[in-house]
Amino acid sequence: MKRHRRQFLQLAASAAALPMMPGTTSAQGYPRRPITVVVGAAAGGPTDTIGRIITESMRALLGQTIVIENNGAAAGSIAHGRVARAAPDGYTLSLGHWGTHVVNGAVYSLQYDVLKDFEPVAVDLGQPLFHRWQA
């Protein structure tokens, strides 16, 4: 019996000391740093305009800076390839449409797989727009 009592007392003492231990951490809130939205189209075009309207609301809602990067080269596949290689942490988003996420995958040999490397996180105008890379 003494052995069980001793183990119980050790466990109770450990549990009581746990909140006082330094280095205990909690999950950080999202977002903690600026978010980058990569647009696979030239600045000033319709996709860029939609992106700027959406990100303005996101800035107000999240209270964080949102940077828009435009790169329409290779029908947007260079820009979206950059997102596919980014860390899957939700800080690099891809703004695309049917042409950049369906046609490019069907017509070109891409360095990424649109179906496996992206996950829709928002839908606008009936099409998934923002994507994040997922491992």
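Up top you'll find the structure we're talking about.
Residues numbered from 1 in each chain as written. Predicted model: local features only at pLDDT ≥ 70, side-chain atom pairs only at ≥ 80, totals over all residues. Heavy atoms only, no water.

A.B. asks: Which parts of the structure should I look at to understand the overall build of the protein chain?
C.D. replies: When its secondary structure is counted, the protein chain shows five helices and five strands. Listed by position from the N terminus, the elements making up the protein chain come as α-β-α-β-α-β-α-α-β-β. Per-residue burial over the protein chain gives 33% buried out of 135 residues. Long-range contacts, defined here as pairs at least 24 residues apart, represent 69% of the contacts in the protein chain between residues at least 6 apart. (Helix = DSSP H or I, 4+ residues; strand = E, 2+ residues; numbered from the N terminus. Buried < 20%, exposed > 50% of the residue type's maximum accessible area, 1.4 Å probe, protein only. Contact = heavy atoms within 4.5 Å.)

A.B. asks: How do you make sense of the pairing of strand β2 (residues 66–70) when you look at a structure like this?
C.D. replies: Regular strands have side chains that alternate between both faces of the sheet. The pairing of strand β1 (residues 35–39) with β2 spans five bridges and is parallel. Among the inter-strand pairings, Thr36 is bridged to a residue of β2, identified as Val67. You can see the chain leave β1, run along helix α2 (residues 46–62) and come back into β2, and the turn it takes is right-handed. (Pairing = 2+ DSSP bridges. Right-handed = clockwise from strand over helix to strand, strands pointing away.)

A.B. asks: Teacher, can you tell me more about the environment of Glu119 here?
C.D. replies: Along the chain, Glu119 turns up in strand β4 (residues 118–124). Of the residues examined, Glu119 reaches a relative accessible area of 27% and is grouped as partly exposed. With 25 residues separating them along the chain, Glu119 and Ser94 place their C-alpha atoms 9.9 Å apart.

A.B. asks: Looking at this structure, how should I read the pattern of salt bridges?
C.D. replies: Oppositely charged side chains can form a pair if their charged atoms are brought close together. Across all of its chains, the model carries four salt bridges by this definition. The partner of Asp89 in a salt bridge is Arg33, and the shortest N-O contact between them spans 2.5 Å. One end of the pair, Asp89, is in the loop between α3 (77–85) and β3 (92–95); the other, Arg33, is in the loop between α1 (2–17) and β1, and 56 residues separate them in sequence. With its nearest N and O atoms 2.9 Å apart, the salt bridge here joins Asp48 to Arg52. Placement of the pair is Asp48 and Arg52 together in helix α2, with a separation of four residues, close to one helical turn. The buried category is assigned to Asp48, whose relative accessible area is 3%. (Salt bridge = Lys/Arg side-chain N within 4 Å of Asp/Glu carboxyl O.)

A.B. asks: Would you explain the packing of aromatic side chains in this entry?
C.D. replies: Between two aromatic rings, the relevant description is the distance of the centres plus the angle of the planes. Per the stated rule, a full pass over the model turns up two aromatic pairs. Ring geometry for Tyr30 versus Tyr91: centroids 5.1 Å apart, planes at 50 degrees, classification tilted. Here Tyr30 is found in the loop between α1 and β1, whereas its partner Tyr91 is found in the loop between α3 and β3, with 61 residues between them in sequence. For Tyr30, a relative accessible area of 46% gives the class partly exposed. (Phe/Tyr/Trp six-rings, centres within 6.5 Å; stacked < 30°, edge-to-face > 60°.)

A.B. asks: Sorry if this is basic, but what is going on with the pairing of β3 here?
C.D. replies: The alternating pattern of β3 places Thr92 and Ser94 and Leu93 and Leu95 on opposite faces, both of which are buried. Relative to β3, β1 runs parallel, the two being bridged by four bridges. Looking across to β3, one finds that Val37 is bridged to Leu93.

A.B. asks: What's the story with a nonpolar patch on the surface in this structure? I'm lost.
C.D. replies: The grouping of Tyr30, Leu61 and Leu62 at the surface amounts to a nonpolar patch, some 330 Å² of accessible area in total. Relative to the elements of secondary structure, Leu61 occurs in helix α2. The exposed category is assigned to Leu61, whose relative accessible area is 73%. (Patch = residues over 30% accessible without salt bridge, like charges linked within 9 Å, V, L, I, M, F, W, Y side chains within 5 Å. Areas by Shrake-Rupley, 256 points an atom, 1.4 Å probe, with all protein chains shown as cover.)

Treat this as a map of the structure, not an account of what it does.
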